[in-house]
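Read off the chains here:
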Amino acid sequence: MIAILDYGAGNLTSVRLALNHLGAETLLAASASDAAHADKIIFPGVGSAASGMQGLRARKFDALLADAFAAGKPVLSICLGMQMLFDTSEEDGGIDALGLIPGVIRKFAFADFDVKVPHIGWNTVEHDAKHPLWRNIPSGTAFYFVHSYYASTANASDAAGSTEYAGCRFTSVVAKNNFFATQFHPERSGKAGMTLLKNFLEWEAPKCC
């Protein structure tokens, strides 16, 4: 069973449809107790960091994710879900996030006013192919992005993929033990995104400790 966290900020329908297409049994979890016994967790997200964190805490998903990290339960975080794994975000005047991945979420800032923010559309992800979720996905494959903020990882070892936008190279994928997170939306990224989701369904993640 795959629990998809419903905390008021998730792109739930397209994620669930993609997983169901791959034959996965899914559950839309509205509380931590709903998701507690799932085999794996999808942590999606669209919207703002402050409202997202408020929704997580109200449903006790912050504790659920910390427990999943410690227990070695596989978690795939998407877009805002990835950003909220970090220590802090510059969004909404600055907020504290979950603190599971060391680093900061920063706002795109360009001197060239012609550069569009948010970063929307297809862009490539460079990676070293070492992580199991990259199986059958070559480095340089394009995925679909929609975001105004990006991850600045404190530890280079947590970065599992990078992308360049208007001269700014940023971490677009992070991986730490049983957590894998993407700034892009795999559920909206065609064949490559479906391959990544399939790899997640088949992944036996390492234990945290």
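Computed from a predicted structure; not experimentally measured.

Definitions and limits used
Residues numbered from 1 in each chain as written. Predicted model: local features only at pLDDT ≥ 70, side-chain atom pairs only at ≥ 80, totals over all residues. Heavy atoms only, no water. Helix = DSSP H or I, 4+ residues; strand = E, 2+ residues; numbered from the N terminus. Rg over C-alpha atoms; globule rule 2.2 N^0.38 Å. Buried < 20%, exposed > 50% of the residue type's maximum accessible area, 1.4 Å probe, protein only. Contact = heavy atoms within 4.5 Å. Areas by Shrake-Rupley, 256 points an atom, 1.4 Å probe, with all protein chains shown as cover. Lys, Arg positive; Asp, Glu negative; His and termini not counted. Charge placed at Lys NZ, Arg CZ, Asp CG, Glu CD. Phe/Tyr/Trp six-rings, centres within 6.5 Å; stacked < 30°, edge-to-face > 60°. Arc of directions from axis to C-beta. Core = buried A, V, L, I, M, F, W, Y, C linked by side-chain atoms within 4.5 Å. Pairing = 2+ DSSP bridges. 1 Å grid on protein atoms, 1.4 Å probe; cavity = no way out; pocket = protein on both sides within 12 Å on 5 of 7 lines; lining within 4 Å. Points joined across faces, edges and corners; volume = space filled by probe spheres on them. Nonpolar A, V, L, I, M, F, W, Y, C, P; charged D, E, K, R; others polar. Right-handed = clockwise from strand over helix to strand, strands pointing away. Disulfide = S-S within 2.5 Å.

A.B. asks: Sorry if this is basic, but what is going on with the overall build of the chain here?
C.D. replies: Along its length, the chain carries six helices and 13 strands. For the chain, the C-alpha radius of gyration of 16 Å lies close to 17 Å, the compact-globule estimate for 209 residues. Structurally, the chain occupies a C-alpha span of about 50 × 40 × 35 Å along its principal axes. Looking at the chain residue by residue over its 209 residues, the buried ones come to 52%. If you take every contact in the chain between residues at least 6 apart in sequence, the share linking residues at least 24 apart comes to 70%. When the accessible surface of the chain is summed, it comes to about 9,100 Å², and 52% of that surface belongs to carbon and sulfur atoms. Averaging the positions of the 17 positive and the 20 negative side-chain charges in the chain gives two centres separated by 4 Å.

A.B. asks: Looking at this structure, how should I read the environment of Thr153?
C.D. replies: Checked against the element boundaries, Thr153 lands in strand 10 (residues 149-153). Looking at Thr153, the relative accessible area reads 19%, which means it is buried. Residues Thr153 and Trp134, spaced 19 residues apart in sequence, show a C-alpha to C-alpha distance of 20 Å. Apart from the residues lying within four places of it in its own chain, the contact partners of Thr153 are Phe86, Pro102, Gly103, Ala159, Thr171 and Val174.

A.B. asks: Help me out: how do you make sense of the packing of aromatic side chains in this one?
C.D. replies: Aromatic ring pairs are described here by two measures, namely the spacing of the ring centres and the angle between the planes. Tallied over the full model, the rule gives 15 aromatic pairs. Look at Phe110 and Tyr165: their rings are 5.8 Å apart centre to centre, the planes differ by 80°, and that puts the pair in the edge-to-face class. Of this pair, Phe110 sits in the loop between strand 7 (101-107) and strand 8 (119-125) while Tyr165 sits in strand 11 (residues 159-165), and the two are 55 residues apart along the sequence. With a centroid separation of 5.9 Å and an interplanar angle of 75°, the aromatic rings of Trp134 and Phe180 are classed as edge-to-face. Highlighted residues: Trp134 in the loop between strand 8 and strand 9 (141-147) and Phe180 in strand 13 (residues 179-182), separated in sequence by 46 residues.

A.B. asks: Is there a simple way to explain the side chain of Thr195 in this structure?
C.D. replies: Relative to the helices and strands, Thr195 resides in helix 6 (residues 190-202). For Thr195, a relative accessible area of 18% gives the class buried. Excluding residues that lie within four positions of it along the chain, Thr195 makes contacts with Arg135, Asn136 and Ile137.

A.B. asks: Could you clarify how one ought to interpret helix 1 (residues 12-21) in this entry?
C.D. replies: Since the α-helix turns once every 3.6 residues, residues separated by three or four places project in the same direction. Looking at helix 1, one finds that the buried residues are Leu12, Val15, Ala18 and Leu19. One side of helix 1 holds all its buried residues, which, seen down the axis, span an arc of 140°. Facing away from the buried side of helix 1 by more than 90 degrees, the exposed set consists of Thr13, Leu17 and His21. Summarising the contacts, the buried residues of helix 1 are in contact with strand 1 (2-5), strand 2 (26-29), strand 3 (40-43), strand 4 (75-78) and helix 6. One or two positions beyond helix 1, positive phi appears at Gly23, with a value near 90°.

A.B. asks: Help me out: how do you make sense of the nonpolar core in this one?
C.D. replies: Considering soluble globular proteins, one finds that nonpolar side chains tend to be buried as a cluster. Formed by 35 residues in total, the largest nonpolar core has its most connected members in Leu5, Tyr7 and Phe43. Sort the elements by how many residues they give to this core and helix 4 (residues 61-71) lands first, with five residues. When neighbours within four sequence positions are excluded, Phe43 is seen to be in contact with Leu5, Tyr7, Leu56, Leu65, Val75, Leu76, Ser77, Ile78, Gly81, Met84, Leu85 and Leu98. Among the nonpolar cores identified, the runner-up in size contains 33 residues, and Ile2, Phe180, Ala192 and Phe200 belong to it.

A.B. asks: Quick question: what am I supposed to make of the pairing of strand 9 here?
C.D. replies: Every regular strand shows the same layout, with side chains that alternate between the two sheet faces. Within strand 9, five of the seven residues are buried, which leaves it mostly tucked inside the rest of the structure. Pairing of strand 8 with strand 9, which is carried by seven bridges, proceeds in the antiparallel orientation. Looking at strand 9, one finds that Thr124 is bridged to Ala142.

A.B. asks: Honestly, the layout of surface pockets in this entry has me stumped. Any pointers?
C.D. replies: Vacant regions in the atomic arrangement are exposed by a probe of water-molecule size rolled over the atoms. If you add up the space inside the largest pocket, you get close to 170 Å³. Around the largest pocket, the lining residues are His127, Asp128, Lys130, His131, Trp134, Ser157, Asp158, Ala159, Ala160, Gly161 and Ala175. Residue contributions to the lining of the largest pocket peak at three residues, all from strand 11. Considering only residue class, the lining of the largest pocket consists of four nonpolar, four polar and three charged.

A.B. asks: So what exactly am I meant to see when it comes to the pairing of strand 2 here?
C.D. replies: Pairing of strand 1 with strand 2 involves four bridges; the strand directions are parallel. From the neighbouring strand, Ile4 faces strand 2, where its bridge partner is Leu28. Tracing the backbone out of strand 1, into helix 1 and back to the parallel element strand 2 gives a crossover that is right-handed.

A.B. asks: Please clarify how the state of the cysteines should be interpreted in this entry.
C.D. replies: Working definition of a disulfide: a covalent bond connecting the sulfur atoms of two cysteines. Following the criterion strictly, the structure yields zero disulfides and no others. A disulfide-free cysteine, Cys79 has its sulfur positioned 16 Å from the sulfur of Cys168, the nearest such atom. The class for Cys79 is buried, based on a relative accessible area of 6%.

It is worth stressing that arrangement in space is one thing and function is another; only the former is reported here.
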